[in-house]
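Inside the fold
Chain residues, written in single-letter form:
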Amino acid sequence: MSEPPVVADAWDDYWRHTREAAAHKGGGPQDEVLARFWTSYFAEAYARSSRRRLIDIGCGNGSVASFAVDASKPPLDPLPFLVGVDNSFAALRAFSARFPAAAAVAADANRLPFKDRQFDIVTSQFSVEYAGLEAIEAAARLVSTGGSLALIMHLKGGAMYRECATNLEAVRALQRSRLLASLKQIFEAGQAAAPRPVDGSDAADARARLVQAMREVEATLNTHGKEIAGGALYRVHEDVAHMHRRRDAFAPEEIVHWVDVMTREFDAYAERMSAMLGAAIDEQEFDACLTRLTAQGLALRIRGKLEMGVRHREPAAWVLVCDRP
């Protein structure tokens with residue numbers, strides 16, 4: 001939220017293509033941790049009050065809202081006022097498809113078009129912090145008397161932060177190798193004048209550059225493993241190798257188009273990883289945020305870190321729950 005246009009476009013591209021129900025790869029250990037937190041939070045929130053005006057800031061395609069709906073008895077009926085806010089139109093379209101009765105609002109987290117204390121439950125998962133501490137204050141202003149604010153935010157130096165940093169390092173290495181550009185150059189040589197790549201010194205030079213780029217990407221994979229960046233680097237490395245081995249079987253325009261699409265996707269991925277790292281909050285910033293919220297009259301209920309991991313659990317995200325007495 002309140003991101004530079006390039007970053008916002010990168011997230012819009014993500015939501016336009018994703019088929020998952022959350023803003024991260026589904027089925028991992030983090031999903032279990034997040035599910036436990038939100039299931040418990042909404043059950044307690046509903047037990048505290050029958051008022052259920054809910055807004056989720058940075059809603060994506062509705063992962064948090066789905067826990068809110070599932071916790072309702074009967075589902076959805078006790079939620080007459082469900083609002084999802086995001087600055088990605090693709091995310092909002094997915095949110096609306098999932099919750100047709102809900103309101104989907106395109107807005108910046110720092111300029112939310114709602115009155116103060118309008119909602120009983122205000123939530124955000126890995127989103128509001130992208131717009132800074134001011135956006136967290138803006139979210140807090142929406143909490144009604146007797147209502148609550150629940151935020152899960154990126155933890156600077158935590159497990160997810162380090163994973164994002166490593167993914168970004170690997171993708172930057174791919175970009176520096178110019179693997180995709182080298183493949184494109186080989187096929188562009190034959191695109192204008194012939195239906196197949198042509199031979200010659202230029203083509204030989206291009207193939208030499210491709211071989212070198214392949215070695216550089218292989219070195220990155222050897223360092224980080226095949227699963228780095230969700231396996232994207234390994235897949236593109238294998239695809240490029242296959243296309244080069246069987247280059248006579250492909251029309252140049254098909255490969256050039258594929259390279260252009262993949263280049264944009266990796267550029268967008270790098271932008272998202274960079275944005276995640278920039279949004280992450282350290283201990284000092286978290287405490288400053290809490291000070292601002294208590295100055296607004298909110299009372300702290302939960303201040304902690306969610307632990308995630310496959311082999312062993314370690315802090316990965318901030319969790320903050322505040323109530324307005």
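First, a word on scope: everything that follows refers to the structure included in this document. Worth saying up front: this structure is predicted, and the values here are computed from it rather than measured. (Residues numbered from 1 in each chain as written. Predicted model: local features only at pLDDT ≥ 70, side-chain atom pairs only at ≥ 80, totals over all residues. Heavy atoms only, no water.)

Tracing the backbone shows glutamate 238 in helix H9 (residues 232–245). Residue glutamate 238 is classed as partly exposed on the basis of its relative accessible area, which comes to 35%. Once the C-alpha coordinates of glutamate 238 and methionine 214 are considered, the two residues, 24 residues apart in sequence, prove to be 9.5 Å apart. (Helix = DSSP H or I, 4+ residues; strand = E, 2+ residues; numbered from the N terminus. Buried < 20%, exposed > 50% of the residue type's maximum accessible area, 1.4 Å probe, protein only.)

Strand order in this open sheet of seven strands is S3-S2-S1-S4-S5-S7-S6, and the pairing throughout is mixed. Every other strand in the sheet has two partners, leaving strand S3 (103–106) and strand S6 (299–308) as the edge strands with one partner each. On average, each strand axis in the sheet is inclined to that of its neighbour by 15°, with strand direction left out of account. Packed onto the sheet, helix H6 (residues 159–177) meets strand S5 (143–154), S6 and strand S7 (314–323) and runs at close to 125° relative to S7. (Pairing = 2+ DSSP bridges. Axes fitted to C-alpha atoms, helices over the stretch in contact; angles between N-to-C directions. Contact = heavy atoms within 4.5 Å.)

Attention now goes to H6. Its 19 residues place the ends of H6 27 Å apart at the C-alpha level, agreeing with the 27 Å of an ideal helix rising 1.5 Å per residue. Of the residues making up H6, those classed as buried are Ala159, Met160, Cys164, Asn167, Leu168, Ala170, Val171, Ala173, Leu174 and Ser177. Arginine 178 occupies a position one or two residues after H6 and carries a positive phi of about 60°. (Expected span 1.5 Å × (residues − 1).)

Turning our eyes to something else, we now look at unusual backbone geometry. In this structure, arginine 178 takes a positive phi of about 60° despite not being glycine. With respect to the element layout, arginine 178 can be found in the loop between H6 and helix H7 (179–191). Phi is positive for alanine 229, close to 55°, though the residue is something other than glycine. Within the fold, alanine 229 resides in the loop between helix H8 (201–224) and H9.

We now examine the pairing of strand S2 (residues 82–86). Among the five residues in S2, five count as buried, and that is most of the element. Across the two faces of S2 the burial is the same, with Leu82, Gly84 and Asp86 and Val83 and Val85 all buried. Relative to S2, strand S1 (residues 54–57) is paired through four bridges, and the arrangement is parallel. Paired with aspartate 56 across the strands is glycine 84, a residue of S2. Sheet topology places S2 next to S3; four bridges connect them, and they run parallel.

As a further point, take the nonpolar core. One broad trend across soluble globular proteins is that nonpolar side chains are buried collectively. Core analysis: the largest hydrophobic core is formed by 39 residues, its most contacted members being Leu183, Leu233, Val240, Trp258 and Phe266. Top element by residues in this core is helix H10 (residues 252–279). It accounts for 13 residues. Setting aside residues no more than four positions away along its own chain, leucine 183 makes contact with Leu210, Val240, Met243, Ile255, Trp258 and Val259. Ala109, Ala131, Leu155 and Leu293 belong to the second-largest nonpolar core, a separate cluster that totals 33 residues. (Core = buried A, V, L, I, M, F, W, Y, C linked by side-chain atoms within 4.5 Å.)

This part takes up the packing of aromatic side chains. As enumerated under the stated definition, the model contains ten aromatic pairs in all. When the ring of phenylalanine 37 is compared with that of tyrosine 41, the centres are 6.2 Å apart and the planes differ by 10°; the resulting orientation is stacked. Of the two residues, phenylalanine 37 and tyrosine 41 are both situated in helix H2 (residues 29–48); the distance of four residues between them amounts to about one turn of the helix. The exposure classification of phenylalanine 37 matches that of tyrosine 41, with both residues buried. Ring-pair connections join several aromatic residues into one group, and the members of that group are Phe37, Trp38, Tyr41, Phe42 and Tyr46. Lying over the aromatic face of tyrosine 46, arginine 52 brings its terminal NZ or CZ to 4.1 Å of the ring centre. (Phe/Tyr/Trp six-rings, centres within 6.5 Å; stacked < 30°, edge-to-face > 60°. Lys NZ or Arg CZ within 6 Å of the ring centre and 35° of its normal.)

This part is about helix H11 (residues 283–295). Look at H11: 18 Å from first C-alpha to last across 13 residues, which is about the 18 Å you get at 1.5 Å a residue. Among the residues making up H11, those that are buried are Phe286, Cys289, Leu290 and Leu293. For H11, the angular spread of buried residues about the axis comes to 100°, placing them on one side. Turned more than 90 degrees away from the buried face of H11 sit Gln284, Thr291 and Ala295, all of them exposed. In this structure, the buried residues of H11 make contact with helix H5 (133–140), S5, S6 and S7. Glycine 297 sits one or two residues past H11 and shows a positive phi near 100°. (Arc of directions from axis to C-beta.)

Any functional reading would require information beyond the geometric quantities listed.
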